[in-house]
Amino acid sequence: MKRVKIIIVLGGILALLTSVGVAMATTGATTGYPQPKVVVPSTVSAPYEQRYVLTAVGSGAGIRSGEMKFEFEEGSSPEFLVGISEFYSYSPDGAIETSLFTFYPFTELPGGKGLKAPALKVGASASYGQVTPDGELQMFKIEGDKVKGQIRIHGGGPWPVEFRVLGDNESTGGHPPAAKQLPESEPNNPGWGGEAAEYDGEYELTNGAANPTEKAGTLGAVIGVAQGLGTQGAVVSGGSMTVKGNGAPATAEVTVETGGSSRHFTLTKLAWAGDKRVALVHDKGPSSPVVGRFEGTGGQGELKGRLIDGHSVYQVEFKMK
Amino acid sequence: MKTRFIAIAALLGVVGIVALAGCGGGGSSSSGSSSTSGSSGSSSDFASAADAACTTADKQIAALGTPTQSEVLQYMETTETVIEKLHSEVQALGGEGTAEKAYTEALGKSVITLNHMTNAARNENYDAVREISDELIELKLGELAETAGLKVCAEVPVTES
């Protein structure tokens, strides 16, 4: 009986050790990258062997948040860096998507300004381990725990990026905070078009979806609120907009209905450039504090974009009546 | 031999009586409860009492209005409390019909889901709050309420910003 107990205990310990071994093996992130033709001296690359969290990014990149890790390839000689990243991006329809990138091989930026590496996308449709070139990441010199740079992905950019180096025991818990969106070439023409007549008027919502709270009874209100949260964009079931200018700075009164809730916003500082349309969002009249921003495209009596109110995002499409 | 036969017969008789008494007890109890649930009076009692509880809950939820960013957690916490109380009240009514049971059960599930949503809001994970709320939609609580003959419970509380 005693012998059986010993066997059970030993078996348990063996199982535990095996499981730890598996975990350790899976966290070894970068293996199998060939020795690059050009190797950055480790004195230059070593300071970049860090974990980073994205703190700011050019708004055009459509990246909400992200984190990455650079580390020396295991067993490489001479040592070379490989980076892996996870970015949470806005898709064209406002949904949040995860983009995985590998950064390899690193080379030095001219003038010793930092490092750069091709951004290799790890696509969901690609075969296991297969990556495709998708852009480039440049990391300038690390200053304290901050490092600036720029990124080109999906055929666009470059967009400025700013990262913060994470401490040894620091973690985002898999939920990197939303990065600050850096404005870029902001539209600065007043109004939403060259002539007030182009955009002044009554609009109706054209992307109204089925009301998700319709059969929810008492839970309808909380569903309406919850469905408006997050980065994906609320399911808007109805709405209207009135834009008024008449020589004065134009403002827009917007009503959106989500489930059992009806929200009213005032948009001020309407501006445009090309087909871009932006505005500031207030929820208690034009003189109340700014709670968010409208960003979209428009022209010829149509307007579509994202109305952001704090944690709530409303994807709206309007057409002039 | 004869004495033994009589003893066995008597014993079987006693067992039989006990067994019948047991069945009878169960039967009477079950028939009692079925008569309770089966009576239309009880069913309408459930409906009116549940609707009264929903009226109170709806008022409390409507009074919360539409929360601003900083009010989302408080909104979730209060809603969870209101629905939890509503569930306790409806459960205590002991609806026995299939539709009544389905509504009560869904209400119980919604309390758990709301708790998850509140926790997500506590962590400021608003994407998760939204995602989890899909589970509330799937419950179709209003539809279940309607099937159970609950008019007020089937309605969505109207709030305005």
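Notes on the structure follow. Not measured: the values here are computed from a predicted model.

1. Notes on the nonpolar core
Stage number 1. Of all hydrophobic cores here, the largest spans 42 residues; its most connected members are Leu-219 of chain A together with Leu-86, Tyr-103, Met-117 and Leu-150 of chain B.
Stage number 2. Every element with two or more residues in this core is listed here: helix H4 (220-226) of chain A together with helix H2 (40-64), helix H3 (72-92), helix H4 (98-122), helix H5 (126-139) and helix H6 (141-147) of chain B.
Stage number 3. The dominant element in this core, judged by the number of residues it contributes, is H4 of chain B, at 8 residues.
Stage number 4. Not counting residues up to four positions away in its chain, the partners in contact with Leu-150 of chain B are Phe-46, Ala-47, Ala-50, Asp-51, Tyr-103 and Ala-145 of chain B.
Stage number 5. In terms of nonpolar packing, the next biggest core, distinct from the first, is built from 28 residues, Met-68, Phe-101, Phe-106 and Leu-137 of chain A among them.

2. Quick notes on the pattern of salt bridges
All names here are of chain A.
Stage number 1. This structure, assessed with the given rule, holds 10 salt bridges over all chains.
Stage number 2. We note a salt bridge from Arg-263 to Asp-309, for which the minimum N-O separation is 3.4 Å. Residue Arg-263 is found in strand S15 (residues 261-273), and its partner Asp-309 is found in strand S18 (residues 302-309); the two are separated by 46 residues along the sequence. Comparing Arg-263 with Asp-309 shows no difference in burial state: the two are buried.
Stage number 3. Taking the shortest distance from any N to any O, the salt bridge between Arg-293 and Glu-295 comes out at 2.6 Å.

3. What to know about the state of the cysteines
Residue and element names in this part refer to chain B.
Stage number 1. Applying the stated criterion across every chain, the model contains 1 disulfide over all chains.
Stage number 2. Here Cys-54 pairs with Cys-153 through a disulfide, and the sulfurs are 1.9 Å apart. Residues Cys-54 and Cys-153 are joined by a disulfide whose S-S torsion is about 100°; by sign, that bridge is right-handed. Taken as a pair, Cys-54 in helix H2 and Cys-153 in the segment after H6 lie far apart in primary sequence, 99 residues in all.
Stage number 3. Taking the relative accessible area as the measure of exposure, Cys-54 reaches 0% and is therefore buried.

What counts, and where the lines are drawn
Residues numbered from 1 in each chain as written. Chains lettered and ligands numbered in written order. Predicted model: local features only at pLDDT ≥ 70, side-chain atom pairs only at ≥ 80, totals over all residues. Heavy atoms only, no water. Core = buried A, V, L, I, M, F, W, Y, C linked by side-chain atoms within 4.5 Å. Buried < 20%, exposed > 50% of the residue type's maximum accessible area, 1.4 Å probe, protein only. Helix = DSSP H or I, 4+ residues; strand = E, 2+ residues; numbered from the N terminus. Contact = heavy atoms within 4.5 Å. Salt bridge = Lys/Arg side-chain N within 4 Å of Asp/Glu carboxyl O. Disulfide = S-S within 2.5 Å.

Distances and angles like these do not, on their own, reveal function.
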